[in-house]
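Next come the chains, spelled out residue by residue.
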Amino acid sequence: MATILDIMKKRRSIRSHSSQPIKKQDMERLVEAAAWAPSAGNSYPWNIVIVQQKQLLRKIQAVSPGMLGNPTALIILCNDREKAQARVGSKGRELFCFMDIAHAAQNICLEATELGIGSCLIMSFNPDAVAELIDLPEPYTADYLISLGYSKGQQVSTKKRTVKETILSWIKEKNDE
Amino acid sequence: MSSKEEIRSSWLELFCFMSSSARGLVGEPALYGPFRLVDSLEKIIVILENLGMADEFMEKEKAKIAEKKLIAITDRDAFIDFLDEIVIDFTKELKKAQL
């Protein structure tokens, strides 16, 4: 059985997918994974929009230069910053809500990896244009995209930093190994 | 691609891509600029292909771009070499052309 670290090591940005649509039960697993992500002050100021309609995917791709390849689905993480402000103050609005969707996005990508679904996190998109295309209600903003599809192609990057390269400093007791 | 409406839609798709790219690039890494331009080039060739206007040379260049563009993410120098290569490819073709 794969450990969580195995799944993390297997996850890569995948942009090449089969044309098979993502099954409803798999999509629900991804949403469940997102729902278990931590949130500052247990506020959960975000919700998800799922797009699995080919025409709309193509239109969103047109206003999302970072959305490459042929995904069959898209998860759009949308923040309600007013809710974040009300629950956890100005830091909630300016910072925590973005950290929250990043946690949720990571959970989605890891669960996707386990299900054989390739995922790619996208920040290069026009949020206003995406909001227009999906008729996003106010006060939500489209803040993070995850393109998805059953994996077909190879990952682009295989390089990751080592443990040594990752640590800036390790402050510990003198006697500890 | 046959109807005027379909042709219009595919150009609109490209215009959305290029204008969104222009806006996004204001705050994105410098190397994303050349990447978006090359990506646009590929999209233009796809439109010409669908219109039956792309020749063998263009199709070959499209395949090359599709294969190599993502190297921009992992290897800056290799991406620049790839840009040099396609500039010469297009220039050699232009040299043969009657303007």
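Residues numbered from 1 in each chain as written. Chains lettered and ligands numbered in written order. Predicted model: local features only at pLDDT ≥ 70, side-chain atom pairs only at ≥ 80, totals over all residues. Heavy atoms only, no water.

Caption draft 1: Just the overall build of chain B, in detail. What chain B contains, in helices and strands, is five helices and zero strands. Going residue by residue from the N terminus, the α and β elements of chain B occur as α-α-α-α-α. Considering only intrachain contacts with a sequence separation of at least 6, the fraction spanning at least 24 residues in chain B is 54%. Element-wise, carbon and sulfur atoms account for 59% of the exposed surface of chain B, whose accessible area totals about 6500 Å². On chain B, the mean spot of the 14 positive side-chain charges and the mean spot of the 19 negative ones are 3 Å from each other. (Helix = DSSP H or I, 4+ residues; strand = E, 2+ residues; numbered from the N terminus. Contact = heavy atoms within 4.5 Å. Areas by Shrake-Rupley, 256 points an atom, 1.4 Å probe, with all protein chains shown as cover. Lys, Arg positive; Asp, Glu negative; His and termini not counted. Charge placed at Lys NZ, Arg CZ, Asp CG, Glu CD.)

Caption draft 2: A look at the interface of chain A and chain B. Taken together, the contact pairs 13 residues of chain A with 15 residues of chain B. Of the roughly 1100 Å² buried between chain A and chain B, counting both surfaces, carbon and sulfur atoms make up 61%. Between chain A and chain B we count one salt bridge in total. The partner of glutamate 13 of chain B in a salt bridge is arginine 58 of chain A, and the shortest N-O contact between them spans 2.7 Å. Counting every contact that joins chain A to chain B gives five residue pairs in polar contact (both at pLDDT 80 or more). Residues that form the side of chain A that touches chain B fall into these classes: five nonpolar, five polar and three charged. (Buried area = accessible area lost by both parts, 1.4 Å probe. Salt bridge = Lys/Arg side-chain N within 4 Å of Asp/Glu carboxyl O. Polar contact = N/O pair within 3.5 Å; in protein donor to acceptor, adjacent residues only side chain to side chain. Nonpolar A, V, L, I, M, F, W, Y, C, P; charged D, E, K, R; others polar.)

Caption draft 3: The arrangement of the environment of isoleucine 50 of chain A in detail. Residues and elements named next belong to chain A. You can see isoleucine 50 is positioned in strand 1 (residues 46–51). Judged by its relative accessible area of 37%, isoleucine 50 falls in the partly exposed class. Ignoring any residue separated from it by four or fewer positions in sequence, one finds isoleucine 50 in contact with Met27, Val31, Leu74 and Ile75. (Buried < 20%, exposed > 50% of the residue type's maximum accessible area, 1.4 Å probe, protein only.)

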